[in-house]
Protein chains: 4
Amino acid sequence: MLKVGLRLGGCAQAWCSVRMASAGVTRQKPLANKVALVTASTDGIGFAISRRLAQDGAHVVISSRKQKNVDRAVATLKGEGLSVTGTVCHVGKAEDRKQLVAMAVNLHGGIDILVSNAAVNPFFGNLMDVTEDVWDKTLDINVKATALMTKEVVPEMEKRGGGSVVIVSSVAAFTPFHGLGPYNVSKTALLGLTKNLALELAPKNIRVNCLAPGLIKTNFSSMFWMDKTKEENAKNFMQIERIGKPEECAGIVSFMCSEDASYITGETVVVGGGTPSRL
Amino acid sequence: MLKVGLRLGGCAQAWCSVRMASAGVTRQKPLANKVALVTASTDGIGFAISRRLAQDGAHVVISSRKQKNVDRAVATLKGEGLSVTGTVCHVGKAEDRKQLVAMAVNLHGGIDILVSNAAVNPFFGNLMDVTEDVWDKTLDINVKATALMTKEVVPEMEKRGGGSVVIVSSVAAFTPFHGLGPYNVSKTALLGLTKNLALELAPKNIRVNCLAPGLIKTNFSSMFWMDKTKEENAKNFMQIERIGKPEECAGIVSFMCSEDASYITGETVVVGGGTPSRL
Amino acid sequence: MLKVGLRLGGCAQAWCSVRMASAGVTRQKPLANKVALVTASTDGIGFAISRRLAQDGAHVVISSRKQKNVDRAVATLKGEGLSVTGTVCHVGKAEDRKQLVAMAVNLHGGIDILVSNAAVNPFFGNLMDVTEDVWDKTLDINVKATALMTKEVVPEMEKRGGGSVVIVSSVAAFTPFHGLGPYNVSKTALLGLTKNLALELAPKNIRVNCLAPGLIKTNFSSMFWMDKTKEENAKNFMQIERIGKPEECAGIVSFMCSEDASYITGETVVVGGGTPSRL
Amino acid sequence: MLKVGLRLGGCAQAWCSVRMASAGVTRQKPLANKVALVTASTDGIGFAISRRLAQDGAHVVISSRKQKNVDRAVATLKGEGLSVTGTVCHVGKAEDRKQLVAMAVNLHGGIDILVSNAAVNPFFGNLMDVTEDVWDKTLDINVKATALMTKEVVPEMEKRGGGSVVIVSSVAAFTPFHGLGPYNVSKTALLGLTKNLALELAPKNIRVNCLAPGLIKTNFSSMFWMDKTKEENAKNFMQIERIGKPEECAGIVSFMCSEDASYITGETVVVGGGTPSRL
């Protein structure tokens, strides 16, 4: 006990300077031995979620479309002592989805958690300029592939007696981001997909919930904060007047996947610093 | 005036037995001389909306995928003295959308109103059994084609100085209908599409709103009320304990297209007899 | 004459309006012979609603706390040829509520419609400065008195076989107006009151709906538009970039009270020019 | 040891937890050394929350209206090795609120967390039978006292540089429980109070969020599950077909009070097993 106290003694942040208050027993890592798939997880929010799930005890399989991104992300997280592997996966391709599931099952014997974060790079512009092709890609990857990826993991979760799915939507599902029409619409669709999957998978003891991040500082969202005027404009709509950090989206995902959330299903949690969403 | 009063004298229903109370002036037909396109309008809710828009003064162009359905619907409404024409239109096809717009412009000189009601026959079954093909068709027709149909009419509305779009979603957008996963999800997407189009089209003086019908007695929804047990189960969730009628969805659409709704945009109105939706 | 009467008498209810309209007759006043109570109706939104209900055929009983305001409003509307009477009513007082109902019943034989618009002048300032007294008054008048006023009219509506209640909330129920904490909270409560009353009164054939106006140009809201900076700030959140007019809130209320809204209950319609509210 | 401490001292805040976790150390108690007030916490959900906050490292001051209940609850939790004290507090009384705050400050030097759970025993019956007195008590305790209790703790939180408030509402805020009108309405009001407090307190680094439990097995809710028919009826609306446990509401509250929720404010999380609420 003393040793831990000393080791932590140098950390100024209030929540770092902890000690074992109650009966001296440490709470178990909430996701100990769980196996988690996270898509689009080599960067930004997906990467932060992967790290957190692993810190909380899970074996995490990360993935994205490029091998070098996978390699870098795996190396980083392994370097932190976490149980992480990775593979290339384009969630829009059936073979890739199957292969991702197979890999997790082969490595770890099953799947308990899916975090579906994959989304196409959003088209920026007017809805009146959006082509069929943009709609197709956006709905394909953001909505259909999320449903199909879930379909792929469910049999594995059933074998384990249950599981947890978290779908990453956006606060733009409620209050549109200007110029990101198809992206926004696809994210609204995910709120519905969450409700529908929750309804259908509850009898299989699989809970399905949703994360709706607000404006988070990632490459993905850089168009909103690279430009100072836009950043100020965006902050105008927030209560917590700063752009969020990827790590700030990670804890809630781990929570929703944990036993602590056993009675939560079909719900969306907004992590948006008070950006207008809904009651 | 007297004649009208007398003619109506025999109608028992409270709202039929009217008289000209104030200053003797009759309120103008709210959609007089407006030109309205309604998709999927030869039957059910779309047909009831078309009739109502025409009764309220609009020139209505109805459409659906089959010529004989178009012919029958046009004949019926013309027989009622309404200004209605029609054409075959598969909203998923670019040429059909263009041709529908062209027809309205040729006949009536422009377009003021679009009611987008088209939707594929829903797949009934488990989400875990839904194929890529079902997702593709559902998102294509219910979401993408709605966006593209709107894109097609907007230039015509701009020429007229503004317009009104009403998108037909469903209460299932909020609270899923069992067994209709992809349909439900596509309807949730339409809530978002409404918000996004409203945001973008407001500067063009085009308002965009959304109707979310509950369980309405149409061929489309017959799976829910053919079977007595299902009907009873459905009623369990309603406050007004009966299935709605298509006509009960029509007045609100006419209203949203009228000048009376000039400060309403981006909103969804649920016509669901009190089925759970949202605050 | 008699023959037409008989024709109408014999037709199925849903088709009555159809036949009338298609026969080339003007659509009848939707609230003809209905008796409507509107509270806080001598000014602003309440006044605009009263005028509209009367224009649409209703006998309207207006009311507010000051005799001279009642007199002026009644004189104005009578001058327009409308069927309007008025009385002083402080909705927070049981005797006043009873007397208002009694007056309507004596004059017109019953009550069909209640529009509950009464609200205290909002406290402007920080929630941290709000005293018990401000909370008491705000919740008393805005919430409790709305419930009790409804309770008072329901027996009269039951005698008529049904009725319609519209509660006036605010878009601030969803997205708070800065500095109006207790007002905002009371308006959120009204969204719930609407749902609860709808649920309980549906078996009595009484529908209960809610209007949520955005920023509307009235004395009440002048704090938001007197000051140019505030007005610009407010417009920043709207899609239709102007402050609304009281008349723009009136049509929807008349609509919700009409037979056209027969399958709509428990719903809130936002009239806010696209101010963020909810999906 | 010292070296690790130094390393942590110099690292950017966001990375502190990462390094610790990846170094193989157990994740620390997330609320270590925090001081938490929980009202109505000697039983049911409030008690489960208190236990959890204490297990997660907080010093918890519990309270309710009866000394013997306070004594029993404190004894139980102390018996589990938790840091818990308690006092009688009727949240409707200004002196009691002051005294509760004073006690926490005296004992622990300040306040970081408030969980406001107090509510009157709900009136069961028709809204048409609700007296002024029932409305008064319900709005007083459930809404006004929540606002005033928050007002009381905020100055203490400011002294600490920030804090976290969690308000306990109910899924009935969205979808009314039959027969509990005033309770339901007061819980809807709390959704609004959450948004309003979040908006106002964000500049003080105080986050305000809300828990909306569904049907949870407590004395409070026994009317819904004592009777088998009612329990079955209730389950009909859930996706997870069982009544929730108080503990299932506790983790999310601890989470919302922790640093992990640093970008979450103004949000309501439903813990309802999939009971219809909202998107």
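Residues numbered from 1 in each chain as written. Chains lettered and ligands numbered in written order. Predicted model: local features only at pLDDT ≥ 70, side-chain atom pairs only at ≥ 80, totals over all residues.

1. Quick notes on the overall build of chain A
Selection rule: Only DSSP runs of H or I reaching four residues or more are called helices, and only runs of E reaching two or more are called strands; each is numbered from the N terminus. Using C-alpha atoms as the atom set, the radius of gyration is obtained and then compared with a globule rule of 2.2 Å times the number of residues to the power 0.38. Partly exposed residues are those whose C-beta has more than 12 but fewer than 20 other C-beta atoms within 10 Å; with 20 or more the residue is buried, with 12 or fewer it is exposed, and the C-beta atoms are placed from the backbone. The contact criterion used is a C-beta to C-beta distance within 7 Å, with each C-beta placed from the backbone.
If you tally the helices and strands in chain A, you get 9 helices and 7 strands. At 19 Å, chain A has a C-alpha radius of gyration in line with the 19 Å of a compact globule built from 279 residues. Structurally, chain A occupies a C-alpha span of about 65 × 45 × 40 Å along its principal axes. Looking at chain A as a whole, 60% of its 279 residues qualify as buried. Within chain A, contacts between residues separated by at least 24 positions form 71% of all contacts whose residues are at least 6 apart in sequence.

2. Things to note about the sheet that holds strand β6 (residues 206-213) of chain D
All names here are of chain D. For clarity, the cut-off: In this analysis, strands are considered paired if DSSP registers two or more bridges between them. Axes here mean lines fitted to C-alpha atoms, for a helix over just the part in contact, with angles spanning 0 to 180 degrees between N-to-C directions.
Taken together, the 7 strands give an open sheet; going across it, the order is β3-β2-β1-β4-β5-β6-β7, and neighbouring strands pair in parallel fashion. The open sheet is flanked by β3 (84-88) and β7 (268-271), the only strands paired with a single partner. Here the strands of the sheet are splayed against their neighbours by 20 degrees on average, with no regard to which way each runs. In this sheet, strand β5 (residues 163-168) lies alongside strand β4 (residues 113-116) in parallel orientation, the contact comprising 4 bridges. When the sheet's bridge partners are listed, L114 is paired in β5 with V165. Lying over the sheet, helix α6 (residues 132-159) contacts β1 (35-38), β4, β5 and β6, oriented at roughly 175 degrees with respect to β4. Here helix α7 (residues 181-201) sits on the sheet and contacts β5, β6 and β7; the angle it forms with β6, its principal contact strand, is near 165 degrees.

3. Quick word on the packing of helix α2 (residues 44-55) of chain B against helix α9 (residues 250-257) of chain B
Residue and element names in this part refer to chain B. Using the following cut-off: The labels follow the angle: roughly parallel below 35 degrees, roughly antiparallel above 145, roughly perpendicular from 65 to 115, and oblique for the rest. By convention, the crossing between two helices is left-handed when the near helix turns anticlockwise from the far helix through less than a right angle, and right-handed when the turn is clockwise. All amino acids are sorted into three groups, where Ala, Val, Leu, Ile, Met, Phe, Trp, Tyr, Cys and Pro are nonpolar, Asp, Glu, Lys and Arg are charged, and the leftover types, Gly among them, are polar.
Here α2 crosses α9 at 50 degrees, and the two axes come no closer than 8 Å. In terms of orientation, α2 lies oblique with respect to α9. Crossing angle aside, the handedness with which α2 passes α9 is right-handed. Of α9, the residues touching α2 (which contributes A48, I49, R51, R52 and L53) are A250, G251, V253, S254 and C257. Class assignment of the residues belonging to the contact of α2 with α9 gives a composition of 6 nonpolar, 2 polar and 2 charged.

4. Let's talk about the relation of the copies chain A and chain B
Convention followed: Least-squares fitting of one copy onto the other uses the C-alpha atoms of those residues that reach a pLDDT of at least 70 in both copies.
Rotating chain A by 180 degrees and moving it 0.0 Å along the rotation axis overlays it on chain B with an RMSD of 0.0 Å. Taken together, these values place the two copies in the relation of a two-fold axis. When C-alpha positions in chain A are compared against the rotation axis, the closest is assigned to A189 of chain A, at 2.1 Å. When you check the interface residues of chain A against chain B, 100% turn up at the interface there too, and the contact is symmetric in its surfaces.

5. Notes on the packing of helix α6 (residues 132-159) of chain C against helix α7 (residues 181-201) of chain C
Pairs of packed helices are described in terms of their axes, by the angle between the two and the distance that separates them. Residues and elements named next belong to chain C. Closest axis-to-axis distance for the α6/α7 pair is 10 Å, and the angle between their directions is 20 degrees. Classified by the interaxial angle, the pair formed by α6 and α7 is roughly parallel. The interaxial crossing formed by α6 with α7 has right-handed handedness. Here α6 contributes V134, W135, T138, L139, N142, V143, T146, A147, T150 and V154 to the contact with α7, which in turn contributes P182, Y183, S186, A189, L190, L193, L197 and L201. Broken down by class, the residue content of the contact of α6 with α7 amounts to 13 nonpolar, 5 polar and no charged.

6. Here's the deal with unusual backbone geometry
All names here are of chain B. Here N205, not a glycine, exhibits a phi torsion of approximately 60 degrees, which is positive. Inspection of the secondary structure assignment puts N205 in the loop between α6 (181-201) and β6 (206-213). We classify N205 as partly exposed; it has 15 C-beta atoms within 10 Å.

7. Let's talk about the interface of chain A and chain B
Contacts between chain A and chain B engage 29 residues on the former and 29 residues on the latter. At the level of secondary structure, the elements contributing two or more residues to the side of chain A that touches chain B comprise α5 (132-160) and α6 (181-201) of chain A. When its residues are assigned to classes, the side of chain A that touches chain B shows 18 nonpolar, 6 polar and 5 charged.

8. Topic: the environment of A202 of chain A
Mapped onto the elements of the fold, A202 of chain A is located in the loop between α6 and β6 (206-213). Here A202 of chain A falls in the partly exposed class, since 19 other C-beta atoms lie within 10 Å of it.

9. Structural notes on the environment of A212 of chain D
Residue and element names in this part refer to chain D. Here A212 shows up in strand β6. For the pair formed by A212 and V269, sequence separation is 57 residues and the distance between their alpha carbons is 5.9 Å. If sequence neighbours within four positions are ignored, A212 has contacts with S169, S170, V171, A173, T268, V269, V270, G272 and S277.

10. Quick notes on the sheet that holds strand β3 (residues 84-88) of chain C
Residue and element names in this part refer to chain C. Strand order in this open sheet of 7 strands is β3-β2-β1-β4-β5-β6-β7, and the pairing throughout is parallel. Edge strands, defined here as strands with exactly one partner in the open sheet, are β3 and β7 (268-271). Looking at each pair of strands side by side, their axes are set apart by 20 degrees on average, direction ignored. Bridge count between strand β2 (residues 59-64) and β3: 5 bridges; the pairing is parallel. Bridge pairing in β3 links S63 to T87. The sheet strands contacting helix α4 (residues 67-79) are β2 and β3, and the helix crosses β3 at an angle near 180 degrees.

11. Re helix α10 (residues 250-257) of chain C
Within α10 of chain C, 8 of the 8 residues are buried, which leaves it mostly tucked inside the rest of the structure. In the core, the buried residues of α10 of chain C are packed alongside α9 of chain B together with α3 (44-55), β4 (113-116), β5 (163-168), β6 (206-213) and β7 of chain C.

12. Observations concerning the environment of N184 of chain A
Residues and elements named next belong to chain A. By secondary structure assignment, the location of N184 is in helix α6. C-beta crowding within 10 Å serves as the criterion here: with 28 such atoms nearby, N184 is assigned to the buried category. In this structure, the C-alpha to C-alpha distance between N184 and G274, residues 90 residues apart in sequence, is 18 Å.

13. A closer look at the pairing of strand β5 (residues 163-168) of chain B
Note the cut-off: Whether a crossover is right-handed depends on one test, that the path from the first strand over the helix to the second runs clockwise when the strands point away from the viewer.
Within β5 of chain B, 6 of the 6 residues are buried, which leaves it mostly tucked inside the rest of the structure. For the crossover that starts at strand β4 (residues 113-116) of chain B, traverses helix α5 (residues 132-159) of chain B and ends in the parallel β5 of chain B, the hand is right-handed.

14. Some points on α9 of chain B
Of all the positions in α9 of chain B, only A250, G251, I252, V253, S254, F255, M256 and C257 of chain B are classed as buried. In the core, the buried residues of α9 of chain B are packed alongside α2, β4, β5, β6 and β7 (268-271) of chain B together with α10 of chain C.

15. Considering the confidence of the model for chain A
All names here are of chain A. Where we set the bar: Scored from 0 to 100, pLDDT reflects the predictor's confidence in each residue.
Overall, the predicted model of chain A reaches an average pLDDT of 90, with 90% of residues at or above 70. Counting contacts from residues 1-26, a segment whose pLDDT is below 50, to residues more than four positions away or on other chains yields 49 contacts. Scored as a complex, the prediction yields pTM 0.92 and ipTM 0.91.

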